[in-house]
Amino acid sequence: DRVGAPSDHVRSELELLRNLEHPHFSRLVESFEDFNSVYLIAELVEGTELVSFLEDRHRAGRAIPELWVARVGWQTLDALRFCHELRPHSIVHGDLR
(Lines give C-alpha, C1' and ligand atoms only; values in the text may rest on other atoms or scores of the structure.)
Protein backbone atom coordinates (compact mmCIF):
# COMPACT_ATOMS: atom_id res chain seq x y z
CA ASP A 1 0.00 0.00 0.00
CA ARG A 2 1.00 3.59 -0.59
CA VAL A 3 1.75 5.92 2.27
CA GLY A 4 -1.54 7.58 3.25
CA ALA A 5 -3.67 5.02 1.39
CA PRO A 6 -6.94 3.98 3.04
CA SER A 7 -6.71 1.17 5.55
CA ASP A 8 -8.24 -2.25 5.08
CA HIS A 9 -10.99 -1.11 7.45
CA VAL A 10 -11.94 1.77 5.14
CA ARG A 11 -11.85 -0.53 2.12
CA SER A 12 -14.16 -3.04 3.82
CA GLU A 13 -16.60 -0.23 4.72
CA LEU A 14 -16.57 0.97 1.10
CA GLU A 15 -17.40 -2.55 -0.07
CA LEU A 16 -20.24 -2.72 2.43
CA LEU A 17 -21.63 0.62 1.19
CA ARG A 18 -21.40 -0.51 -2.45
CA ASN A 19 -23.65 -3.47 -1.66
CA LEU A 20 -26.13 -1.58 0.54
CA GLU A 21 -29.60 -1.52 -1.01
CA HIS A 22 -32.56 0.03 0.77
CA PRO A 23 -35.30 2.34 -0.55
CA HIS A 24 -34.38 5.07 1.98
CA PHE A 25 -30.64 5.20 1.19
CA SER A 26 -28.89 6.85 -1.71
CA ARG A 27 -26.75 4.27 -3.47
CA LEU A 28 -22.96 4.55 -3.55
CA VAL A 29 -22.15 4.84 -7.24
CA GLU A 30 -18.37 5.11 -7.18
CA SER A 31 -15.42 5.81 -4.95
CA PHE A 32 -11.86 6.81 -5.62
CA GLU A 33 -8.89 7.94 -3.62
CA ASP A 34 -5.79 10.04 -3.77
CA PHE A 35 -2.90 10.16 -1.32
CA ASN A 36 -4.89 12.11 1.27
CA SER A 37 -8.58 11.35 0.86
CA VAL A 38 -11.26 8.89 -0.16
CA TYR A 39 -14.06 10.34 -2.29
CA LEU A 40 -17.57 8.88 -2.39
CA ILE A 41 -19.99 9.50 -5.23
CA ALA A 42 -23.60 8.76 -4.34
CA GLU A 43 -26.66 8.76 -6.56
CA LEU A 44 -28.44 12.09 -6.86
CA VAL A 45 -31.41 12.50 -4.55
CA GLU A 46 -33.56 15.35 -5.77
CA GLY A 47 -35.72 17.49 -3.56
CA THR A 48 -35.29 19.54 -0.43
CA GLU A 49 -33.07 18.50 2.45
CA LEU A 50 -35.09 17.55 5.51
CA VAL A 51 -33.52 20.22 7.72
CA SER A 52 -34.28 22.92 5.10
CA PHE A 53 -37.88 21.78 4.86
CA LEU A 54 -38.30 21.89 8.64
CA GLU A 55 -36.64 25.31 8.94
CA ASP A 56 -38.80 26.77 6.14
CA ARG A 57 -42.00 25.49 7.76
CA HIS A 58 -40.91 26.88 11.12
CA ARG A 59 -40.06 30.31 9.67
CA ALA A 60 -43.40 30.44 7.89
CA GLY A 61 -45.22 29.49 11.09
CA ARG A 62 -46.72 26.45 9.39
CA ALA A 63 -47.33 23.27 11.36
CA ILE A 64 -45.96 19.98 10.14
CA PRO A 65 -48.72 17.40 9.79
CA GLU A 66 -48.51 14.65 12.39
CA LEU A 67 -49.01 11.95 9.73
CA TRP A 68 -46.03 13.32 7.75
CA VAL A 69 -43.84 13.31 10.88
CA ALA A 70 -44.90 9.72 11.63
CA ARG A 71 -44.11 8.63 8.05
CA VAL A 72 -40.63 10.22 8.06
CA GLY A 73 -39.93 8.82 11.52
CA TRP A 74 -40.97 5.33 10.39
CA GLN A 75 -38.75 5.56 7.28
CA THR A 76 -35.79 6.61 9.43
CA LEU A 77 -36.32 3.82 11.94
CA ASP A 78 -36.84 1.29 9.15
CA ALA A 79 -33.50 2.28 7.61
CA LEU A 80 -31.77 2.00 11.01
CA ARG A 81 -33.33 -1.40 11.63
CA PHE A 82 -32.12 -2.54 8.22
CA CYS A 83 -28.56 -1.47 9.05
CA HIS A 84 -28.58 -3.11 12.46
CA GLU A 85 -29.90 -6.41 11.08
CA LEU A 86 -27.48 -6.75 8.15
CA ARG A 87 -25.64 -10.03 7.97
CA PRO A 88 -22.89 -10.98 8.29
CA HIS A 89 -21.94 -7.48 9.54
CA SER A 90 -24.42 -5.04 11.02
CA ILE A 91 -23.92 -1.28 10.75
CA VAL A 92 -24.28 1.09 13.67
CA HIS A 93 -24.45 4.77 12.75
CA GLY A 94 -22.34 6.89 15.06
CA ASP A 95 -23.69 10.36 14.26
CA LEU A 96 -27.47 10.51 14.37
CA ARG A 97 -28.94 13.93 15.01
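In the block above lies the structure referred to throughout.
Computed from a predicted model, the values in this text were never measured in an experiment.

Caption draft 1: Just the overall build of the protein chain, in detail. If you tally the helices and strands in the protein chain, you get three helices and two strands. In the protein chain, the succession of helices and strands from N to C terminus is α-β-β-α-α. In the protein chain, buried positions account for 14% of the 97 residues. Accessible surface, the protein chain as shown: approximately 8200 Å² in total, 56% of it carbon and sulfur.

Caption draft 2: Layout of helix H3 (residues 66-84). Compared with an ideal rise of 1.5 Å per residue, which puts 19 residues at 27 Å, H3 spans 27 Å between its outermost C-alpha atoms and is within 8% of the ideal. If you check which residues of H3 are buried, you get Asp 78, Ala 79, Leu 80 and Cys 83.

Caption draft 3: Just the pattern of salt bridges, in detail. Tallied over the entire structure, the rule returns five salt bridges. With its nearest N and O atoms 2.6 Å apart, the salt bridge here joins Asp 56 to Arg 59. One end of the pair is Asp 56 and the other is Arg 59, both in helix H2 (residues 50-59) and three residues apart, which spans about a single turn. Overall, Asp 56 belongs to the partly exposed group, its relative accessible area being 42%. One salt bridge connects Asp 78 with Arg 81, and the closest N-O pair in it is separated by 2.7 Å. Taken as a pair, Asp 78 and Arg 81 lie in helix H3 at a separation of three residues, close to a single helical turn. Looking at Arg 81, the relative accessible area reads 39%, which means it is partly exposed. Look at the salt bridges and you will find they share partners, linking Asp 78, Arg 81 and Glu 85 into a network.

Caption draft 4: Here's a closer look at a nonpolar patch on the surface. Together, Val 10, Leu 17, Val 38 and Leu 40 make up an exposed nonpolar region whose accessible area comes to about 280 Å². Breaking the nonpolar patch down by element, the ones donating at least two residues are helix H1 (8-18) and strand E2 (38-42). Note on placement: Leu 17 falls in helix H1.

Caption draft 5: Summary view of the packing of aromatic side chains. Counting across every chain of the model gives three aromatic pairs. Centroid distance Phe 32 to Tyr 39: 5.0 Å. Interplanar angle 20°. Geometry classified as stacked.

Reading guide: rules and limits
- Residues numbered from 1 in each chain as written.
- Predicted model: local features only at pLDDT ≥ 70, side-chain atom pairs only at ≥ 80, totals over all residues.
- Heavy atoms only, no water.
- Helix = DSSP H or I, 4+ residues; strand = E, 2+ residues; numbered from the N terminus.
- Buried < 20%, exposed > 50% of the residue type's maximum accessible area, 1.4 Å probe, protein only.
- Areas by Shrake-Rupley, 256 points an atom, 1.4 Å probe, with all protein chains shown as cover.
- Expected span 1.5 Å × (residues − 1).
- Salt bridge = Lys/Arg side-chain N within 4 Å of Asp/Glu carboxyl O.
- Patch = residues over 30% accessible without salt bridge, like charges linked within 9 Å, V, L, I, M, F, W, Y side chains within 5 Å.
- Phe/Tyr/Trp six-rings, centres within 6.5 Å; stacked < 30°, edge-to-face > 60°.

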